[in-house]
Amino acid sequence: MPDRIYLDHAATTPLRPEAKTAMDEGFAIWANPSSPHAEGRKAKAALENARDRIKRVLEWDGEVIFTSGASEALWIAMNRAKAKRRIVSAVEHDAVFRAAPDAEVFDETQPLDGDTLFAVQHVNSETGTINPVDQMIETLGPSGAVILSDCSQSAGKLALPQADMAVVSAHKFGGPIGIGALLVRDYGLLEPMGGHERGYRQGTENLPGALGMAAALEAGDWETTPEQRAAFRSDLSDDLLSFGDQADYIAAITHPTISAQALLIRLDAMGFAVSAGSACSSGTLKKSRVLDAFGVPDDVAARTIRVSIGWSTTPEELEQFASAWASLS
């Protein structure tokens, strides 16, 4: 098979070599961090070191609860928060709606108060739109509402918003799959459930994963520069969907005539791994709920794909995709 070009980093991104090395070290410390013996204490010390490193890189001055990923972190936040109401933005990831299927979808007529948990993502995973979470926090501050921000697509790439709680996922920035965290300003925001992580999460901690997560955050460097990513977006500007401020590593692009399903097939055959901005269910291509919430017309959504780049994407790969995209007709 010829060399392929992976441009689906918003789904998952390759493991950084620094993270793999750290995980190997973690596997050598195989004891349970909750055990009281010397081996357990050594594992515990390594876990707490990883926690401190993650807080330092993310500039988070609250608490870090390790989880199995973003979905579990969202479930804990949505179901263990002491707030009585759950309100979510219309463009949240499906994991938010799965965690709280009875949550209300936000509209401007809804009053928010101290009994409200309001979930608003930082960067949208389908369009790359950056929500002005800090501005929203400033506006909503007097209401006393608890703000939860899903930062799965921004952690390790952009400065985190000053939310009360934030969700991060290691495999989105070059850490391992199976580890994430719920960042909490104060444990008092949550009802404890017993078990590990100070009693706020059940299940033995994933020490190798935590070490890999910390190492990936500390690595940080990308193969492309902001200027090169901007040039790539400029090459695609005629077909780019844009809503307000945009992250430079996720692009929703629309072809004038070819369906998203056909685009995926043709690009895959050309050696490019990308994804669709709409989901396939029961053999029928359905419009993305997120694109619908952004007001994208049905016919446009049906011709929209997502191209997402990551730490390992090279400038040459971006140039090759831009050329391939221009050749499609």
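Residues numbered from 1 in each chain as written. Predicted model: local features only at pLDDT ≥ 70, side-chain atom pairs only at ≥ 80, totals over all residues. Heavy atoms only, no water.

(A) Region of interest: empty space enclosed by the protein. With the rule as written, the count across this model stands at 2 cavities of 30 Å³ or more. Space inside the largest cavity adds up to approximately 70 Å³. Around the largest cavity sit Thr-13, Arg-16, Gly-156, Lys-157, Lys-172, Phe-173, Ala-216, Leu-217, Gly-220, Trp-222, Gly-310 and Trp-311, which together line it. Residue classes in the lining of the largest cavity are distributed as 5 nonpolar, 4 polar and 3 charged. Of the pockets and cavities examined, the second largest cavity occupies roughly 30 Å³. (1 Å grid on protein atoms, 1.4 Å probe; cavity = no way out; pocket = protein on both sides within 12 Å on 5 of 7 lines; lining within 4 Å. Points joined across faces, edges and corners; volume = space filled by probe spheres on them. Nonpolar A, V, L, I, M, F, W, Y, C, P; charged D, E, K, R; others polar.)

(B) Representation of unusual backbone geometry within the structure. The phi dihedral of Glu-59 is positive, around 55 degrees, even though this residue is not glycine. Here Glu-59 shows up in the loop between α2 (38-58) and β2 (63-67). Positive phi outside glycine occurs at Arg-198, with the angle close to 60 degrees. When you line up the elements, Arg-198 lands in the loop between β8 (180-184) and α6 (207-219). Residue Arg-198 is classed as partly exposed on the basis of its relative accessible area of 46%. (Helix = DSSP H or I, 4+ residues; strand = E, 2+ residues; numbered from the N terminus. Buried < 20%, exposed > 50% of the residue type's maximum accessible area, 1.4 Å probe, protein only.)

(C) Examining the environment of Ala-19 more closely. Inspection of the secondary structure assignment puts Ala-19 in helix α1 (residues 17-28). A sequence separation of 121 residues divides Ala-19 from Leu-140, and the C-alpha atoms of the two residues are 38 Å apart. Excluding residues that lie within four positions of it along the chain, Ala-19 makes contacts with Gly-174, Gly-175, Gly-212, Ala-215 and Ala-216. (Contact = heavy atoms within 4.5 Å.)

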